[in-house]
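Residue-level listing of the chains:
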Amino acid sequence: MPSLSQTLALATMFFVVSGSILSPLAVSQATGSERSAILATQSVDGSFSPKVVRGTRGNTLNISASVDGPATLNLGSPGNGFWVQMEISGSTEISLNTYETSVEQIVSGGGSLTKKVKEVDRPLAAATYDMNITVDGREVALGKFIIKPRSPPEFSGNIDQWIIPPTTDVSEVTDPVETEGSIPVDSGTIPSVAKGRWVVLAVNTSEFSNGFLRSSENASDLFTAQFEQQSSTMNVQPNRFDETDIEKFVNEPQTDSLYAFVNTGRHGIEAGDRYRANVSVVGDNPFVDGQPSTTADFSVVTARAQLEHATDPIQVNGTDTIRGTTTLPPGERINITASYDGIPPFVETKQATVRANQTFQTTFDFSDVRRGDRFTITLSDQNKKYSAVRIWEVRLNYTGDQITLTEDASVTGEAKVEPGSQFDVQVHYNEGSSSFTKNQRVVVNQTGGFTANFDLSDASSTGNLSVEIPEYNKTVPASLTTKESTFTTTSTTQTTTRETTKTTRTTTSKTTTNEAATEAGITQASSGNPESPINQQTIEDSQSVPGFRAITTIIVLVGCFLVAIRRQ
């Protein structure tokens with residue numbers, strides 16, 4: 001057996017070039033250019049950055065390779081079931097799209113493919129693959145790319161829904177979000193779709209590979225959609241239809257969306273029904289195990305809208321808000337038309353947007369309608385007409401043809417406007433060269449009442465007065481009255497009774513109660529009036545007879561005493 005020194009000596013007699021063992025004789029016999037090329041290959045260096053590239057099956061892997069001179073890049077190997085080669089030089093970026101199913105679509109970037117040692121017909125399997133860089137068969141760099149298994153994909157999130165107008169040409173719709181009049185449905189809610197409207201279901205397909213989604217332009221080759229009635233009568237077969245029956249079923253890979261357009265006025269759908277849509281995968285997908293699915297419900301209702309009103313006809317002010325309720329979904333628009341055939345005539349149509357609580361409202365200017373005249377409000381979409389009348393917005397409290405005012409006047413009234421509304425109340429006065437206008441700003445209280453106080457002490461009852469509310473073009477004539485003083489005089493009538501052994505004398509006197517009626521209905525009493533009533537009064541012992549003084553009474557008594565003695 002040769003010694004170590006002999007072995008090393010023998011090894012120096014050979015060169016390893018391009019994977020071949022060349023003897024010194026072969027090198028010495030090579031030409032000058034061949035000898036330079038052989039020696040140059042020994043100085044070429046290459047690398048991968050990073051040396052190990054990882055990615056999930058169905059994603060794209062990016063590989064960076066660098067080499068000092070011309071070289072061959074090998075991706076995969078015969079043992080991997082996938083092997084391609086390309087010529088590179090310098091720094092090179094290569095992408096492996098594991099969505100795709102052919103070598104030309106899998107590999108991009110770098111140089112041109114020089115060899116497809118192993119062709120594939122499906123996305124690359126999850127495995128560890130070799131890669132290297134060689135120069136004339138000599139490896140100058142080694143690396144690995146690892147494709148990890150992909151979790152079974154599922155539909156992402158809930159099915160999004162939109163409601164679009166019945167007049168929409170869905171053949172022209174590519175995205176319901178951009179469709180005029182489209183109404184998005186809040187996530188997680190079951191929409192109530194007025195019969196005849198379109199309901200659009202949008203399914204997020206981003207979890208499915210592009211290789212699967214691009215395997216067919218026909219959405220029905222990839223997915224299915226089953227629609228089944230949920231509110232059918234007992235022992236009655238529920239109504240069913242699928243994606244082949246509906247008006248449009250399309251896959252949009254650019255937006256990762258699958259759209260299903262359903263006309264709720266067709267397919268045997270009736271108002272009051274509730275349907276469940278079940279969307280699932282049916283295509284041949286190497287990334288999908290089983291049939292992932294997702295569901296969404298929607299209800300169908302009769303399209304109704306009506307105005308809210310407490311009176312018939314509807315009473316409105318000069319500017320007023322028309323309100324109503326509807327079964328239509330939030331965001332849908334309702335046409336409201338007001339028309340008046342008076343002088344001047346007018347017609348105006350406005351659109352009210354349905355709010356979250358399924359109410360709607362819009363404000364009209366009815367100032368061209370004469371107060372007390374009737375006109376028509378129409379919901380044209382519902383073919384409904386309502387009679388309306390413009391009322392007086394403000395009413396002053398008075399009776400007769402005019403308002404009666406005093407010097408400290410208080411003008412009151414009622415207003416059919418919002419509480420807190422403000423307007424001016426004015427009193428105008430004119431007599432000869434004397435005139436004035438007094439203004440008071442009033443605030444309508446919670447019950448609709450208002451009060452304006454004026455000092456009219458500088459006005460005369462013979463002048464011309466009026467009360468005006470300029471904002472409502474309302475003027476009422478007025479008159480001024482003065483307050484008369486009222487008093488009562490009460491006469492005191494004394495009654496005296498005188499008792500004797502034989503007789504009780506009475507005397508009659510006139511009282512001094514005199515009645516004089518005033519406008520206020522208060523009775524005045526004055527003495528000395530010949531029309532006063534007469535009262536009969538009894539004279540008591542403790543009182544004197546009216547008209548007699550004390551000395552007179554004594555003389556009478558003495559006289560009576562003397563007459564009595566003489567008779568005896």
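Structure shown above.
In short, a report on the structure. Worth saying up front: this structure is predicted, and the values here are computed from it rather than measured. (Residues numbered from 1 in each chain as written. Predicted model: local features only at pLDDT ≥ 70, side-chain atom pairs only at ≥ 80, totals over all residues. Heavy atoms only, no water.)

1. Quick notes on the pairing of strand β10 (residues 138-148)
Relative to β10, strand β4 (residues 52-56) runs parallel, the two being bridged by 5 bridges. Among the inter-strand pairings, G55 is bridged to a residue of β10, identified as I147. Bridge count for strand β9 (residues 127-135) against β10 is 9 bridges, and the pairing is antiparallel. Residue I133 lies in a different strand from β10, and its bridge partner there is A141. Turn length for the β9-β10 hairpin, with the two strands adjacent in sequence and antiparallel, is 2 residues, and the turn residue D136 shows positive phi of about 55°. (Pairing = 2+ DSSP bridges. Helix = DSSP H or I, 4+ residues; strand = E, 2+ residues; numbered from the N terminus.)

2. Overview of the sheet that holds strand β11 (residues 160-164)
Read across the open sheet, the 5 strands follow the order β12-β11-β14-β18-β17; overall the sheet is antiparallel. In this open sheet, the two strands that pair with only one neighbour each are β12 (183-184) and β17 (248-252). The pairing of strand β14 (residues 198-204) with strand β18 (residues 257-263) spans 7 bridges and is antiparallel. Note on β18: the bridge partner recorded for A202 is Y259.

3. Remarks on the pairing of strand β19 (residues 274-281)
Here strand β15 (residues 223-229) pairs with β19 via 7 bridges, running antiparallel. By the bridge assignment for β19, T224 is matched with S280. Of the pairings in the sheet, the one linking β19 to strand β20 (residues 293-301) comprises 7 bridges and is antiparallel in character. Note that in β20 the partner of A277 across the bridge is A296.

4. A look at the sheet that holds strand β36 (residues 474-480)
Each strand in a sheet pairs with another by means of backbone hydrogen bonds, the pair being arranged parallel or else antiparallel. If you walk across this open sheet you meet the 5 strands as β30-β36-β35-β32-β33, and the pairing is mixed. What marks the edges here is a single partner per strand, and that holds for β30 (403-405) and β33 (434-443). Neighbour to neighbour, the strand axes of the sheet diverge by 25° on average, direction disregarded. (Axes fitted to C-alpha atoms, helices over the stretch in contact; angles between N-to-C directions.)

5. A look at the packing of aromatic side chains
Under the criterion given, the structure shown has 12 aromatic pairs. Aromatic pair F155 and F223: ring centres 6.0 Å apart, planes at 50°, arrangement tilted. Of this pair, F155 sits in the loop between β10 and β11 while F223 sits in strand β15, and the two are 68 residues apart along the sequence. Both residues of the pair, F155 and F223, belong to the buried class. (Phe/Tyr/Trp six-rings, centres within 6.5 Å; stacked < 30°, edge-to-face > 60°. Buried < 20%, exposed > 50% of the residue type's maximum accessible area, 1.4 Å probe, protein only.)

6. Observations regarding the environment of Q358
Mapped onto the fold, Q358 is located in the loop between β25 (346-353) and β26 (359-365). On the basis of relative accessibility, which here comes to 27%, the residue Q358 falls in the partly exposed class. In sequence terms Q358 and T327 are 31 residues apart; their C-alpha atoms lie 6.5 Å from each other. When near neighbours in sequence (up to four residues on either side) are disregarded, Q358 contacts T325, T326, T327, L328 and P329. A polar contact of 3.1 Å, which involves the side chain of Q358, links it to the backbone oxygen of L328. (Contact = heavy atoms within 4.5 Å. Polar contact = N/O pair within 3.5 Å; in protein donor to acceptor, adjacent residues only side chain to side chain.)

7. A closer look at the pattern of salt bridges
Taken as a whole and assessed by the stated rule, the structure comprises 11 salt bridges. Close ionic contact of R274 with D297 constitutes a salt bridge, the shortest N to O distance being 3.0 Å. Separated by 23 residues along the polypeptide, R274 in strand β19 and D297 in strand β20 bring together distant segments of the chain. Exposure remark for D297: the relative accessible area of 10% places this residue in the buried category. Between D458 and K438 there is a salt bridge whose closest N-O contact spans 3.3 Å. With D458 in the loop between β34 (449-455) and β35 (464-469) and K438 in strand β33, this residue pair connects regions lying 20 residues apart in the sequence. If you follow the salt bridges from partner to partner, you end up with R274, R276 and D297 in one network. (Salt bridge = Lys/Arg side-chain N within 4 Å of Asp/Glu carboxyl O.)

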